[in-house]
Amino acid sequence: MKTAKMDPLPSVGIVTEVKGTYVTARMFENTNNLTYYRNGVTYRGVGTGEYIGIQRGPYKLVGKVLHEYLEDTQKDSNDQEFSKNRFIREVDISIIGAFRQSKFTFGISIFPQIFSEIVLLSSEESLQILTGNTLVIPFPLCIGKTVPEGLKYSLDWPHIFNTHFAIFGNTGSGKSNTLAKIYSELFNTAAKNNWAITNSKFIFIDFNGEYTGDESLTSIKKTIKLNTSSASKGDKIILPRSEFWDIEMLSVLFSATQQTQEPFLRTTLNYFNPGESQVTKEEIINYITTAFCQVFQNNVQDPRTLNLLKVILSDLQINIPENSEITIWLKASWNSSSSTYFSNTNINYCGLFSTVIKKDKIYFNNIVNKSQFRNLIEKTLNQRGVMIDTDWQPLTLLSVFVHLQMIYKLTYGGAQFDFIVPLLSRIEAKSKMFNKLIEVSNDDSDNLSERYCTIISLRNVNKDAKATIPLLIARYLYKLQKKSLLGEDEITKTTNLIIDEAHNILSVNKKREGDKWRDYRLDVFEEIIKEGRKFGFFLTIASQRPADISATIVSQMHNFIIHRLVNEVDLNMLGNTLNSLDSVSKSTIPSLAPGSAIFTGTSFPLPVMVHIDQLDKRHAPSSDNANLEKLWLPHAPKK
């Protein structure tokens with residue numbers, strides 16, 4: 001871009017020392033003001049963090065002021081008298097690039113010399129430096145103004161939303177507003193200019209329900225409000241059958257041990273194969289009938305199988321009538337001396353039991369008419385009201401399958417019951433919770449692709465759900481994105497996963513979870529952060545505690561937006577991770593004003609401080625502090 005020709009400003013200083021890319025300059029008297037004006041053009045003064053020019057031939061080198069100090073010309077410590085001419089102002093400058101023919105280029109192409117003149121830069125030149133020659137951005141997304149220049153700042157969106165980026169900042173620093181502002185501007189601009197933004201998907205994991213307002217981010221969105229409360233009427237995430245019935249996912253979801261529990265789970269799923277088609281009522285009846293026969297008709301009976309059978313009937317909500325002969329079996333006792341089930345009765349039965357009653361006791365291992373036995377069970381299960389629900393939830397079926405498999409293993413050998421029963425307990429305990437959150441479709445449909453923007457609120461779910469649901473979603477979307485590009489020569493669609501309060505899922509310090517779960521959780525996200533760009537899958541994270549997040553994930557982020565951080569651990573982590581931050585930018589992080597942030601990374605030629613515009617109430621996230629004046633004062637003053 002060519003700038004308008006103007007009279008050159010007089011020099012404001014000279015170079016006195018050159019140390020490679022670092023320069024010391026002695027300033028003249030006319031450099032202390034914040035801004036200067038000449039011929040209608042605004043120029044920035046010389047101060048720490050400002051950019052200045054150094055003339056050398058056709059080049060105007062550009063440097064950033066790192067430090068400034070006074071040189072005492074008298075060098076007499078015994079003389080404490082101050083005089084204006086006694087002290088000389090000097091500054092240390094880091095060379096970052098140069099202008100030639102009004103075009104700015106980063107990097108060192110020529111070095112300054114001693115006595116090279118220092119000149120001020122115009123606002124237009126400053127903006128060109130900060131934006132890296134991207135002054136003309138098509139459909140600019142203006143998000144705020146640069147600090148301290150006060151210049152309008154627009155995101156170079158073609159090179160931001162195809163990267164991984166992180167937003168860090170303490171509570172109250174403006175982090176949520178920044179996240180909402182960036183994506184609100186994107187969605188609004190896309191809507192106004194008829195972009196084909198439906199070629200991309202934007203899925204927000206919203207831990208605190210901040211983005212569920214009707215007009216927050218955009219009004220053209222799908223909002224999924226999950227709920228695990230006992231009176232839950234929340235929405236559900238719809239997943240394809242093949243995705244849910246994945247052995248790797250389920251084994252980690254329920255912390256299955258690698259040596260015993262995971263092989264047991266794998267054998268169970270391979271046998272019942274629920275991922276292929278919907279489980280029918282006829283299949284369930286056949287499974288239960290077989291289980292009854294294994295419990296009571298097998299040559300070798302086991303005292304643990306009857307309780308397993310009762311769990312299955314309870315999971316499926318199967319209510320056996322009290323007047324049914326099957327009720328006798330379900331109330332059976334165990335005879336340890338004969339290793340068989342029996343039932344005390346004072347009733348003379350006919351039919352099945354007429355030949356097996358001995359001294360008012362029924363010994364089920366002596367039942368001779370096995371076909372009649374099966375017919376009675378099937379007839380009872382087919383009665384109206386016995387099977388309440390024939391559209392069983394996925395976790396319910398999983399619990400049923402593992403208990404059926406354990407009955408089989410106990411009656412025919414090969415089961416390590418004491419090692420497997422903890423897995424059964426975990427599946428049984430968590431199935432009710434997950435049934436409130438997940439629905440499995442019989443085809444490949446889901447509700448994460450209905451709109452280009454989807455908000456998934458985890459505000460009303462418990463800790464277990466907050467730990468697992470984001471992982472399920474991330475894993476599914478990543479696999480789906482890779483699958484959609486099979487056979488494509490280029491990326492034709494993208495997926496952006498945005499996680500607010502990301503330390504809830506990306507932490508390396510979760511003490512409540514097992515090592516296997518933590519390792520798997522981090523492996524999934526680390527693969528996304530390392531390989532996702534190749535498949536058009538991009539991650540945006542926001543967190544108030546960056547030090548809690550996996551160092552691998554942070555180090556692989558392309559861009560960073562850093563609000564105020566004061567914790568020493570967080571600051572050290574960023575200092576060790578971000579080589580794009582200069583010393584001046586790093587030093588300002590603990591004292592950044594609310595709403596101000598430093599933008600840095602591969603998409604930003606230089607670190608730039610921006611004050612992000614505050615969204616209006618309708619579009620802003622619900623993250624305001626409590627208004628105590630309104631809560632406590634009877635007549636709070638209007639503002």
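Structure shown above.
Owing to the predicted nature of the structure, the values given are computational and were not obtained by experimental measurement.

Caption draft 1: Representation of the overall build of the chain. Within the chain one finds 18 helices and 26 strands. A separation threshold of at least 6 residues defines the contact pool for the chain, and within that pool the share at least 24 residues apart is 71%.

Caption draft 2: Structural view of the nonpolar core. Ranked by size, the top nonpolar core spans 113 residues in total, and within it Phe292 and Phe525 carry the most contacts. Here this core gets 10 residues from one element, more than from any other, and that element is helix 10 (residues 394–412). Apart from the residues within four sequence positions on either side, Phe525 is in contact with Pro470, Leu471, Ala474, Leu497, Ile499, Ile505, Leu506, Leu539 and Ile553. The next biggest cluster of nonpolar side chains, apart from the first, holds 43 residues, and it includes Phe161, Leu186, Phe204 and Ala597.

Caption draft 3: Focus on the sheet that holds strand 10 (residues 141–146). In spatial order, the strands read 11-10-26-25-24-12-23-22-13-21-14; together these 11 strands make up an open sheet with mixed pairing. Of all strands in the sheet, those bounded by a partner on one side alone are strand 11 (152–155) and strand 14 (222–227). Ignoring which end each strand starts from, the neighbouring axes of this sheet average 25 degrees apart. Of the pairings in the sheet, the one linking strand 22 (residues 494–499) to strand 23 (residues 537–543) comprises five bridges and is parallel in character. Across the sheet, residue Thr495 finds its bridge partner in strand 23, namely Phe537.

Caption draft 4: View of helix 10. Over its 19 residues, helix 10 extends 27 Å from the first C-alpha to the last, a length consistent with the 27 Å expected when each residue adds 1.5 Å. With respect to burial, helix 10 is a largely interior element, 16 of its 19 residues being buried. Positive backbone phi, at 90 degrees, marks Gly413, one or two positions downstream of helix 10.

Caption draft 5: Representation of the packing of aromatic side chains within the structure. Applying the stated criterion across every chain, the model contains 30 aromatic pairs. Between Phe161 and Phe165 the ring centres are 6.5 Å apart and the planes differ by 70 degrees, which places this aromatic pair in the edge-to-face class. Each member of the pair, Phe161 together with Phe165, is buried. Residues Tyr478 and Phe537 carry aromatic rings whose centres are separated by 5.4 Å and whose planes lie at 75 degrees to one another, so their mutual orientation is edge-to-face. Of this pair, Tyr478 sits in helix 12 (residues 463–484) while Phe537 is found in strand 23, placing the two residues 59 residues apart along the sequence. Taken individually, Tyr478 and Phe537 each receive the classification buried, so the pair is uniform in this respect. Clustering of aromatic rings is evident, with ring pairs tying together Phe161, Phe165, Tyr183, Phe187, Phe202, Phe204, Tyr211 and Tyr452. Sitting over the face of the ring of Phe417, Arg304 holds its NZ or CZ atom 4.7 Å from the ring centroid. Here Lys482 stacks its cationic end above the ring of Phe535, 5.6 Å away from the centre of that ring.

Caption draft 6: Fine view of the pattern of salt bridges. For the coordinates displayed, the defined rule picks out 19 salt bridges. Of the charged contacts in the structure, one is a salt bridge between Glu501 and Lys175, with a shortest N-O distance of 3.6 Å. Taken together, the residues Glu501 in the loop between strand 22 and helix 13 (503–506) and Lys175 in helix 2 (residues 175–192) connect sequence positions 326 residues apart. Glu501 gets classed as buried once you look at its relative accessible area, which sits at 7%. Residue class for Lys175 comes out buried when judged on its relative accessible area of 6%. With a shortest N-O distance of 2.7 Å, Lys534 and Glu531 are connected by a salt bridge.

Caption draft 7: Here's a closer look at the environment of Gly213. Among the secondary structure elements, Gly213 is positioned in the loop between strand 13 (200–206) and strand 14. Residue class for Gly213 comes out partly exposed when judged on its relative accessible area of 28%. Sequence spacing of Gly213 and Pro621 is 408 residues, and the spatial spacing of their C-alpha atoms is 7.7 Å.

Caption draft 8: Representation of a nonpolar patch on the surface in the model. A cluster of nonpolar side chains, Leu628, Leu631, Trp632 and Leu633, forms an exposed patch at the surface whose accessible area comes to about 470 Å². Inspection of the secondary structure puts Leu633 in the segment after helix 18 (628–632).

Caption draft 9: Looking closely at the side chain of Thr24. In this fold, Thr24 is placed in strand 2 (residues 22–27). When its relative accessible area of 9% is taken as the criterion, Thr24 is described as buried. There is a polar contact of 3.3 Å between the side chain of Thr24 and the side chain of Asp92. Look past the residues within four positions of Thr24 in its chain and what remains in contact with it is Ile14, Val15, Thr16, Glu17, Tyr69, Glu90, Val91 and Asp92.

Caption draft 10: Geometry of the packing of helix 6 (residues 281–296) against helix 10. Between helix 6 and helix 10, the shortest axis-to-axis distance is 10 Å and the interhelical angle comes to 30 degrees. When the axis of helix 6 is compared with that of helix 10, the two are roughly parallel. Helix 10 is crossed by helix 6, and the crossing has left-handed handedness. Contacts between helix 6 and helix 10 involve Ile284, Tyr287, Ala291, Gln294 and Val295 from the former and Leu397, Phe401, Leu404, Ile407, Tyr408, Thr411 and Tyr412 from the latter. Residues belonging to the contact of helix 6 with helix 10 are distributed by class as follows: 10 nonpolar, two polar and no charged.

Rules used in this analysis
- Residue positions are given per chain, counting from 1 as you read along its sequence in written order.
- Selection of residues for local features in this predicted model requires a pLDDT of at least 70, selection of side-chain atom pairs for listing and counting requires 80 or more, and totals for whole chains, interfaces and linings are taken over all residues.
- The side-chain numbers reported here are obtained from all heavy atoms of the structure, hydrogens and water having been left aside.
- The secondary structure listing takes helices from DSSP runs of H or I that are at least 4 residues long and strands from runs of E that are at least 2 residues long, numbered from the N terminus.
- Any pair of residues with heavy atoms lying within 4.5 Å of one another is described as a contacting pair.
- Throughout this description, the term nonpolar core refers to a set of buried Ala, Val, Leu, Ile, Met, Phe, Trp, Tyr and Cys residues connected via side-chain atoms within 4.5 Å.
- Buried means the residue's accessible area, taken with a 1.4 Å probe over protein chains only, is under 20% of the maximum for its type, while exposed means over 50%, and partly exposed covers the values in between.
- Pairing between strands is defined by DSSP: at least two bridges between the two strands are required.
- Interaxial angles span 0 to 180 degrees and are taken between N-to-C directions of axes, which are lines fitted to C-alpha atoms, for helices over the stretch in contact.
- A helix is expected to span 1.5 Å for every residue after the first.
- Ring geometry is summarised as follows: Phe, Tyr and Trp rings, the Trp one being its six-membered ring, pair when their centres sit within 6.5 Å, and such pairs are stacked at plane angles under 30 degrees, edge-to-face over 60 and tilted between the two.
- The criterion is that NZ of a Lys, or CZ of an Arg, lies within 6 Å of the ring centre and within 35 degrees of the ring normal, and then a charge sits over that ring.
- A pairing counts as a salt bridge when a side-chain nitrogen of Lys or Arg comes within 4 Å of a carboxyl oxygen of Asp or Glu.
- Patch criteria: residues need more than 30% relative accessible area and no salt bridge. Like-charged residues are merged within 9 Å; nonpolar side chains of Val, Leu, Ile, Met, Phe, Trp and Tyr are merged within 5 Å.
- All accessible areas in this document rest on Shrake-Rupley with a 1.4 Å probe, and a residue is counted as covered only by the protein chains that are shown.
- Within 3.5 Å is the distance limit for a polar contact, defined as a pair of N or O atoms, with the added protein rule that one can donate a hydrogen and the other accept it, and that residues adjacent in sequence qualify only through two side-chain atoms.
- If an angle is under 35 degrees, it is roughly parallel; if it is over 145, roughly antiparallel; if it lies from 65 to 115, roughly perpendicular; otherwise it is oblique.
- Crossings are classed by handedness, with left-handed meaning an anticlockwise turn of the near helix from the far one by less than a right angle and right-handed meaning a clockwise turn.
- Basically, the charged four are Asp, Glu, Lys and Arg, the nonpolar ten are Ala, Val, Leu, Ile, Met, Phe, Trp, Tyr, Cys and Pro, and anything else, Gly included, counts as polar.

Interpretation note: all reported values are geometric properties and have no functional meaning in isolation.
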